[in-house]
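Fold and contact review
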Amino acid sequence: MLDNQEKRHPYDFALWKARKEDSEPSWPSPWGHGRPGWHIECSTLANIAFGRELDFHSGGKDLLFPHHHNEMVQCCAFHDMNKWSSFWLHTGHLHLKNDVKMSKSLSNTILIREMLSKYTSNHFRMFCLLSPYRNDKEYSDEKMIKPVNLVNSFSSFLNLCDNFANKKITTLQFIADENEVFQKLEETRKKIHVFLSNDFDTCSMIEELSSLVNFMNKNFQSCEQKDQNYDLNRHYGCVISVHNFIKWLLEIVGLVFDEEKNLKSNLKVDDIVSKSLKFRKLVRNFALDKDRKLSKETKMELLKYCDDFREDLNDSNIEFKDHKTETIWKIKY
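The notes below deal with the structure included here. (Residues numbered from 1 in each chain as written. Predicted model: local features only at pLDDT ≥ 70, side-chain atom pairs only at ≥ 80, totals over all residues. Heavy atoms only, no water.)

A look at the packing of helix H1 (residues 38-50) against helix H2 (residues 64-79)
We count it as follows: Each axis is a line fitted through C-alpha atoms, and for a helix only the stretch in contact is used; angles between axes span 0 to 180 degrees, taken between their N-to-C directions. Runs of H or I in DSSP of at least four residues are treated as helices and runs of E of at least two as strands, each being numbered from the N terminus. Angle categories are assigned with fixed cut-offs, so that under 35 degrees is roughly parallel, over 145 is roughly antiparallel, 65 to 115 is roughly perpendicular, and the rest are oblique. Each helix crossing is assigned a hand: it is left-handed if the near helix lies turned anticlockwise from the far helix by less than a right angle, otherwise right-handed if that turn is clockwise. Two residues form a contact once any of their heavy atoms are found within 4.5 Å.
It is the contact of H1 with H2, at a shortest axis distance of 9 Å, that shows an interaxial angle of 55°. By the angle class used here, H1 and H2 are oblique. Every pair of crossing elements has a handedness; the one defined by H1 and H2 is right-handed. For the pair H1 and H2, the contacting residues are Trp-38, His-39, Ile-40, Cys-42, Ser-43 and Asn-47 in the first and Pro-66, His-67, Asn-70, Glu-71, Gln-74, Cys-75 and His-79 in the second.

This is the structure in structure tokens:
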């Protein structure tokens, strides 16, 4: 590079690449047939799409120099300014276990459709949120266990809150003091604001949200039936406030918990599952009814059929949860 006599400075980079072969894509220019250099091409496209200034510019950490550096130099020179993008985000690379970064040129990639045949988009997004965006990420089945469990935990909690608030389950009560819940929620908001303000620390954000879910789950208790003096309205506000905050924040970072957005068919899934659930509930309650003179073997066999039915649907991403004599269900994401 230092011996290149065509450069005025050893760090100069190509703005226009001359055509070397007739088969190469090229356009006429004052400097002959050729094509834009890589750096000027990206600068031009960014200016056409977003104008002369950017709020954020991101890319892999391998693009920091020379590509992003050269983009910035060109745009600052063209627009006669000292700053082109307000913030730069450079992400780590995704790689397989004991491997270098995933790259099409290295033939070590996993296609998105292959990944989605085993995991959901929510699982993979959670996987990305669990480490700093600057760090390299190792993709493996072992590394996916935690994000899968977390997504299921958040999804189950949101579903539980929905069913509780809509009075679809009568054998569950929330015992925490309303003021305590709102105080915990406000503390969580403040901590997450600090985390995200500190270089977008999503790892700590997820940990804090998980802590809030654990706190809430500990305060849901099963009961034979609610006390007549139990006031749902007194707890409705705090439960829904936590539900809405968690759902809102997770959807901001890319997770989707709206069933309508996840279902890919026009089947009336709600009706099908609800009617199946109703039949299973009748069988299960029949087996659990102490007034019926069923042998222990018959009772256990009926309950086993109910459990097998639940597991079969679980394999189809429909999850049942039994609470005393009632059952709620959700679609797993």
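That shown, we press on.
Some words on the environment of Phe-87
Along the chain, Phe-87 falls in strand S4 (residues 85-91). C-alpha of Phe-87 to C-alpha of Met-115: the two residues are 28 residues apart in sequence and 31 Å apart in space. Apart from the residues lying within four places of it in its own chain, the contact partners of Phe-87 are Asp-55, Phe-56 and His-57.

Re the packing of aromatic side chains
How we decide: Each Phe, Tyr or Trp ring, with Trp reduced to its six-membered ring, pairs with another whose centre is within 6.5 Å; inter-plane angles below 30 degrees give stacked pairs, above 60 give edge-to-face pairs, and intermediate values give tilted ones. In this scheme, Lys NZ or Arg CZ marks a charge over a ring once it lies within 6 Å of the ring centre and within 35 degrees of the ring normal.
Counted under the stated rule, the structure contains 9 aromatic pairs. Relative to Phe-220, the ring of Phe-164 lies with its centre 5.2 Å away and its plane at 75°, an arrangement referred to as edge-to-face. Of this pair, Phe-164 sits in helix H5 (residues 141-165) while Phe-220 is found in strand S8 (residues 220-222), placing the two residues 56 residues apart along the sequence. The cationic tip of Lys-184 hangs over the ring face of Phe-215; the distance from NZ or CZ to the ring centre is 5.8 Å.

Looking at unusual backbone geometry
In this structure, Pro-66 follows Phe-65 across a cis peptide bond, with omega equal to 10°. Residues other than glycine seldom take positive phi values, yet Asp-80 does so here, at roughly 55°. Note on placement: Asp-80 falls in the loop between H2 and S4.

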